[in-house]
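Tertiary structure, described
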Amino acid sequence: MIANNGFLMLRPDEIETYLDANKPGREIRLVQLHHTWSPEYKHFDGKNHFTRQAAMRQSHLGRGFSDIAQHFTVFPDGMIVTGRNLEKDPAGIKGANTGAVCIENFGNFDSGHDKMTAEQADAIIMLTAALCRRFHLNPKTAVIYHGWFAADGKALGDYDPGRSAKTCPGTAFFGGNTKAAFMQNLLPCVKNVMKTLDEMKEEKEQMRYKYYDDMPDWAKPTISKLVKKGILKGDGNGVLGLSEDALKIFVVNDRAGLYDE
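About the cut-offs
- Sequence order sets the numbering: in each chain, residues are counted from 1 along the sequence as written.
- Residue-level local features of this predicted model are given only where pLDDT is at least 70; pairs of side-chain atoms are given and counted only at 80 or more, and the full residue set underlies all totals for whole chains, interfaces and linings.
- As a convention, hydrogens and water are excluded, and side-chain values are obtained from all of the structure's heavy atoms.
- By the convention used here, strands pair only if DSSP detects at least 2 bridges between them.
- For helices the rule is a DSSP run of H or I covering at least 4 residues; for strands it is a run of E covering at least 2, with both sets numbered from the N terminus onward.
- Put simply, a disulfide is two cysteine sulfurs that come within 2.5 Å.
- For the exposure calls, accessible area comes from a 1.4 Å probe over protein chains only, and a residue counts as buried if that area is under 20% of its type's maximum, exposed if over 50%, partly exposed in between.
- Nonpolar core, defined: a set of buried Ala, Val, Leu, Ile, Met, Phe, Trp, Tyr and Cys residues in which side-chain atoms within 4.5 Å join the residues together.
- Contact criterion: two residues are considered in contact whenever any of their non-hydrogen atoms come within 4.5 Å of each other.
- Working definition: a ring pair exists when centres of Phe, Tyr or Trp rings (six-membered ring for Trp) sit within 6.5 Å. Plane angles under 30 degrees give stacked, over 60 give edge-to-face, the rest tilted.
- Working rule: Lys NZ or Arg CZ, within 6 Å of ring centre, within 35 degrees of ring normal, means a charge sits over the ring.

1. Remarks on the pairing of strand β2 (residues 7–10)
For strand β1 (residues 2–4) and β2, the ladder comprises 3 bridges, and the chain directions are antiparallel. Counterpart to N4 in the pairing with β2 is F7. Following β1, the chain reverses through 2 residues before pairing antiparallel with β2; N5 in that reversal takes a positive phi of roughly 55 degrees.

Listed below in structure tokens is the structure:
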């Protein structure tokens, strides 16, 4: 994570850590997906993430917003920059801001304009999946496109060229901005990543040794010593919850004599 001017720049694999540390008190029910339209790819030079984010904030303040409209911006290189505080509703879609998280995707994804990079596509999928997991959302109903709403905030349920407020997130965004395109293209990707993240979490939890008797023999003498010395206390019910990596560190330290009197 890199901080600059009140923003944080994250790799996609850091987003869950960020969400762990930034849990909003408000209820989250929706994940909005947008494209910037302008600026577009030609305005990104591979290193001006913070400059572009700051410029968007100034533009939004100039329009009377209280802050930058979006909570996250996903750039063409797959990096994610934070924006508005997650405690605050976004200024993304009239009629659908309450309880929403707003993702702005850098570029113009209308047909004939920017062709989304693989890095950006992967980051969009990861961020959307991580948000849905964190807030226990069904992506089929929680993910919404700006183009599915009229300018007056009325929910249309799909993109309607004659009634939609905008083409956002773009007529070529993951194969199109219609509900059918979302269901066919983006939704399965988000679901797959959510499943993978769940499996990784379960595997990580399973790798923890809750009790002394469950631990490998090579670690027991060290753990017994640390418990007797009061260095390890667990939760008071015999649950230590130590990962294998933690066991290895304790054993190495013990062999180095760090726990000897």
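2. Side note on the state of the cysteines
What is meant by a disulfide is a covalent connection between two cysteines, made through their sulfur atoms. Overall, the coordinates contain 0 disulfides when judged by the stated rule. As a non-bridged cysteine, C132 has C189 as the owner of its nearest cysteine sulfur, 13 Å distant. Accessibility expressed as a relative area gives 1% for C132, which makes it buried.

3. Considerations on the nonpolar core
Core analysis: the largest hydrophobic core is formed by 45 residues, its most contacted members being F72, L131, F173 and L186. Going through the elements one at a time, α1 (15–21), β3 (30–35), β4 (72–74), β6 (100–105), α3 (118–134), β7 (143–145) and α5 (179–206) are the ones with two or more residues in this core. Broken down by element, this core gets its largest block of residues, 9 residues, from α3. In this structure L131 touches L19, V31, F72, V101, I103 and L137, once residues within four positions along its chain are discounted. By size, the runner-up hydrophobic cluster in this structure holds 12 residues, among which are A219, L226, L240 and F250.

4. What about the packing of aromatic side chains?
The tally for this structure, following the rule as stated, stands at 11 aromatic pairs. Taking 5.1 Å as the distance between ring centres and 25 degrees as the angle between the ring planes, the aromatic pair formed by F75 and F106 counts as stacked. Of the two residues, F75 is situated in the loop between β4 and β5 (80–82) and F106 in the loop between β6 and α3; the sequence distance between them amounts to 31 residues. Between W148 and F182, the aromatic rings sit 5.8 Å apart at their centres with planes inclined by 70 degrees, giving edge-to-face as the arrangement. With W148 in the loop between β7 and α5 and F182 in helix α5, the pair connects residues that are 34 residues apart, well separated along the chain. The pair formed by W148 and F182 is uniform in burial state, with each residue classed as buried. Members of the aromatic cluster, joined through ring pairs, are Y41, F109, Y145, W148, F173, F174 and F182. In this structure, K179 is placed above the aromatic ring of W148, and the distance from its NZ or CZ to the ring centre is 5.2 Å. When the ring centre of Y212 is taken as origin, the NZ or CZ atom of K220, which lies over that ring, is 5.7 Å away.

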